[in-house]
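Structural characterization, general
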Amino acid sequence: MATSAMDLTFSNPLSSFASKAQPNRSPKARAFTVRCSIPLSSDGAALGLAERPWKTSDARLVLEDGSVWTAKSFGASGTQVGEVVFNTSLTGYQEILTDPSYAGQFVLMTNPHIGNTGVNFDDEESNQCFLAGLVIRSLSISTSNWRCAETLGDYLAKRNIMGIYDVDTRAITRRLRQDGSLIGVLSTEDSKSDKELLQLSRSWDIVGVDLISGVSCKTPYEWIDKTKSDWEFSSNERDVDALHVVAYDFGIKHNILRRLASYGCKITVVPSTWPALETLKMKPNGVLFSNGPGDPSAVPYAVETVKEILGKIPVFGICMGHQLLGQALGGKTFKMKFGHHGGNHPVRNLRSGHVEISSQNHNYAVDAASLPEGVEVTHVNLNDGSCAGLAYPAQNIMSLQYHPEASPGPHDSDYAFQEFIEMLKRVKQNA
Ligand SMILES: NC(=O)CC[C@H](N)C(=O)O
C-alpha cells in the first residue's frame, strides 16, 4: 500500500506545567512533532491506520550455544558474525553505535524501546559505526526529538549495519548473564541454513584478535572541538599557556577529545602504531591512551609503546588505555564473563570514598592482584569488585577502566580530566 510521510503536531500535555516552571522556555517546547507514515487508499485518501515505515523482513540470530532467535530486520541485510554483549543504558544509543570499542560486537540493548529520538548531528562518537549490529526488543514507530535528522533504520542502512527487533532481549540477556558473552551470527538470508550459521559462529573468535588497527586513524591530526555550553557544570579552566597532549587513537571517542579541549589542552591525535620515540620528540605535557575494541593481550606492540613512554611523560589511560597501562606496569588482564556495558555502573573512588555512577563498556579487566608494588588501585566497580582505576604517582600515571567523558552516561566522573590537567601542570611547574 502507498504511504505518505507527514508531520503531525501535538500540543504537549505538560506545557502548562513546563511554562510555569520555566517561564523563559520557547513556545516551541509546548508542542511536539511526530514524523510518521499514513497508509493511503488507492485514491490517496488517508485511512487513518499507521503503518510501520520500514521494511520488515525476517532475520535469525543464531548463537554458538545452538539457540536460534527469529526476529525482524532493519538497517542493512546480509550475514554478519560477532560477539553478543548487552548494554543497560536507558539513553544514548547513537553514542553507543558510534563507539569504536564495539568493533566485532553485536550490542543488545536491554532498554526495550529504541529509536524514538532518531539520530542527530551532535551525538556521534566517531566518524563510523564499527559494531557488528544492533539487537533490540522494539523499534520506535516514530521519532520525536528536536535534534532528529534521520530515523535509526535509515542511519543504519546507510552505514551498512544490521539491526534486528522483535526479539526476546530479556531472554538473551539472561542467557549471557548465565553463560557469559556468546558469539552469534545474524542473517537475513533464507538460503543459509541454521546449521551453516551455527558453524560460522563456532568457527569465529574475538579473543586474541587485534581490533584496534582497524579503527585507529592512519595519520596524526590536530583536534580543536570543545564540548558545548551544556557541559559547563565544572570549572573547565582554560589555560592561556595551553598544555599539549598527544592522544593515542586506539578507537578514541570524540568526547574524550572534546573534554580535553574544553579543559584547555592543545591536542595531537596519533595512530595506534605511532612510535613512542616520535611522541617523546614532540615533548608533550601529557599522553592519553584511549579506549579501543577487543583483547588488550592481542596488541603487544601497543603495550611496548606505553612502556617506552611511562615514567618520561605523565599519562592518562581510559578503558583499553587503562588495560594496556596495567600490562605495561607488569600486571595481567583477563576476559570477564559478560563485561560491563551501560550507563549505570557504581564505582567507588577509594581515595575520596565517594561513589560515582559511571558509563562503562569493556569485556576485559586488569587483575589487581597481578600489579606490582607501588601501583595503587584507585577505583573499584561496586557490582563485582573489579579494578576500575589505577595510579602510580611516582611515575605520574593515572587510568580508569570506564568512561569519564560520559557520552552517553552520567557526568559524575568528569573530575578525572581535571585531575589529569592538575598532574600535567604540577609536572610542568616542577620541570
Ligand atoms: N571501551 C574500551 O576501551 C574497551 C576495552 C576492551 N576492548 C574491552 O572490551 O575490555
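Just so you know, these numbers come straight off a predicted model, no measurement behind them.

Looking now at the site of the ligand. Residues in contact with the ligand amount to 13 residues; listed here are only the nearest, Gly292, Gly294, Asn361, Asn363 and Tyr364. A distance of 3.0 Å separates a nitrogen atom of the ligand from a polar side-chain atom of Ser101. One of the side-chain N or O atoms of His403 is found 3.4 Å from a nitrogen atom in the ligand. Isolated, the ligand exposes 300 Å² of accessible area, and the fraction of that covered by the protein chains is 98%. Here the residues of the shell around the ligand are counted per class, giving four nonpolar, nine polar and no charged.

With their axes 9 Å apart at the nearest point, helix α8 (residues 300-309) and helix α9 (residues 320-328) run at an angle of 70° to one another. The angle between α8 and α9 places the two elements in the roughly perpendicular class. Between α8 and α9, the contacting residues are Ala302, Val303, Val306 and Lys307 on the first element and Leu324, Leu325, Gln327 and Ala328 on the second. Residues belonging to the contact of α8 with α9 are distributed by class as follows: six nonpolar, one polar and one charged.

A separate point is the sheet that holds strand β20 (residues 387-392). Within the open sheet, the 10 strands sit side by side as β12-β14-β13-β15-β16-β21-β20-β19-β17-β18. Their pairing is mixed. For this open sheet the edge positions go to β12 (221-223) and β18 (355-367), each flanked by a neighbour on one side alone. Taking the axes of each pair of neighbouring strands and ignoring which way they run, one obtains an average angle of 25° across the sheet. With three bridges connecting them, β12 and strand β14 (residues 265-271) associate as antiparallel partners. From the neighbouring strand, Glu222 faces β14, where its bridge partner is Thr268.

Glancing now at the nonpolar core. Side chains of nonpolar character tend, in soluble globular proteins, to be buried together. By size, the foremost hydrophobic cluster in this structure holds 29 residues, and its most contacted members are Leu260, Ile267, Leu288, Phe316 and Phe420. In terms of residue count, the dominant contributor to this core is helix α10 (residues 415-430) (six residues). Discounting chain neighbours no more than four positions away, the residues touching Leu260 are Val245, Cys265, Ile267, Leu288, Phe417 and Phe420. Counting 27 residues, the second-largest nonpolar core is a separate cluster that includes Ile212, Ala302, Leu371 and Val375.

Below, the discussion takes up the pattern of salt bridges. Inspection of the entire model under this criterion finds 17 salt bridges. Ionic pairing is found between Arg175 and Asp65, a salt bridge with its closest N-O pair at 2.9 Å. Taken as a pair, Arg175 in helix α4 (residues 169-179) and Asp65 in the loop between β3 (57-63) and β4 (68-75) lie far apart in primary sequence, 110 residues in all. Here Asp65 falls in the partly exposed class, since its relative accessible area comes to 30%. Lys281 is paired through a salt bridge with Glu278; the nearest N and O atoms lie 3.1 Å apart. Highlighted residues: Lys281 and Glu278, both in helix α7 (residues 276-281), separated by three residues, approximately one helical turn.

Moving on, we come to α4. All buried positions along α4 are accounted for by Thr169, Ile172, Thr173 and Leu176. Viewed along the axis of α4, the buried residues span an arc of 100°, placing them on a single side of the element. Turned more than 90 degrees away from the buried face of α4, the exposed residues are Arg170, Arg174 and Gln178. Count one or two residues on from α4 and you reach Gly180, which has phi positive near 90°.

Moving on, we get to the packing of aromatic side chains. The final tally for this structure, using the stated rule, is eight aromatic pairs. Ring geometry for Phe250 versus Phe289: centroids 6.5 Å apart, planes at 15°, classification stacked. Remark: Phe289 occurs in strand β15 (residues 286-289) and Phe250 occurs in the loop between β13 (243-249) and α6 (254-262); sequence separation between them is 39 residues. On the basis of relative accessible area, Phe250 is assigned to the buried category, the value being 1%. In this structure Phe289 comes out as buried when scored by relative accessible area, which is 0%. For the pair Phe316 and Phe417, a centre-to-centre distance of 6.0 Å together with 80° between the ring planes defines the contact as edge-to-face. Note that Phe316 is positioned in strand β16 (residues 315-318) and Phe417 in helix α10, a separation of 101 residues in sequence. A residue is classified by how much of its surface remains accessible, and Phe417, at 0% relative accessible area, is buried. The structure contains a cluster of three or more aromatic residues connected by ring pairs, namely Tyr263, Phe316, Phe417 and Phe420.

Per-residue confidence for the protein chain gives a mean pLDDT of 88, with 85% of residues at or over 70. Here residues 1-49 is a poorly scored stretch, pLDDT under 50, and it has 71 contacts once near neighbours within four places are set aside; other chains count.

Inspection of the entire model under this criterion finds two cavities of 30 Å³ or more. Here the largest cavity defines a volume of roughly 130 Å³. Lining of the largest cavity is provided by 15 residues; of these, Ser101, Gly292, Gly294, His362 and Asn363 occupy positions nearest its centre. Breaking the lining of the largest cavity down by element, the ones donating at least two residues are α9 and β18.

About the cut-offs
Residues numbered from 1 in each chain as written. Predicted model: local features only at pLDDT ≥ 70, side-chain atom pairs only at ≥ 80, totals over all residues. Heavy atoms only, no water. Near = heavy atom within 4 Å. Polar contact = N/O pair within 3.5 Å; in protein donor to acceptor, adjacent residues only side chain to side chain. Areas by Shrake-Rupley, 256 points an atom, 1.4 Å probe, with all protein chains shown as cover. Nonpolar A, V, L, I, M, F, W, Y, C, P; charged D, E, K, R; others polar. Axes fitted to C-alpha atoms, helices over the stretch in contact; angles between N-to-C directions. Helix = DSSP H or I, 4+ residues; strand = E, 2+ residues; numbered from the N terminus. Parallel < 35°, antiparallel > 145°, perpendicular 65-115°, else oblique. Contact = heavy atoms within 4.5 Å. Pairing = 2+ DSSP bridges. Core = buried A, V, L, I, M, F, W, Y, C linked by side-chain atoms within 4.5 Å. Buried < 20%, exposed > 50% of the residue type's maximum accessible area, 1.4 Å probe, protein only. Salt bridge = Lys/Arg side-chain N within 4 Å of Asp/Glu carboxyl O. Arc of directions from axis to C-beta. Phe/Tyr/Trp six-rings, centres within 6.5 Å; stacked < 30°, edge-to-face > 60°. pLDDT = per-residue confidence, 0-100. 1 Å grid on protein atoms, 1.4 Å probe; cavity = no way out; pocket = protein on both sides within 12 Å on 5 of 7 lines; lining within 4 Å. Points joined across faces, edges and corners; volume = space filled by probe spheres on them.

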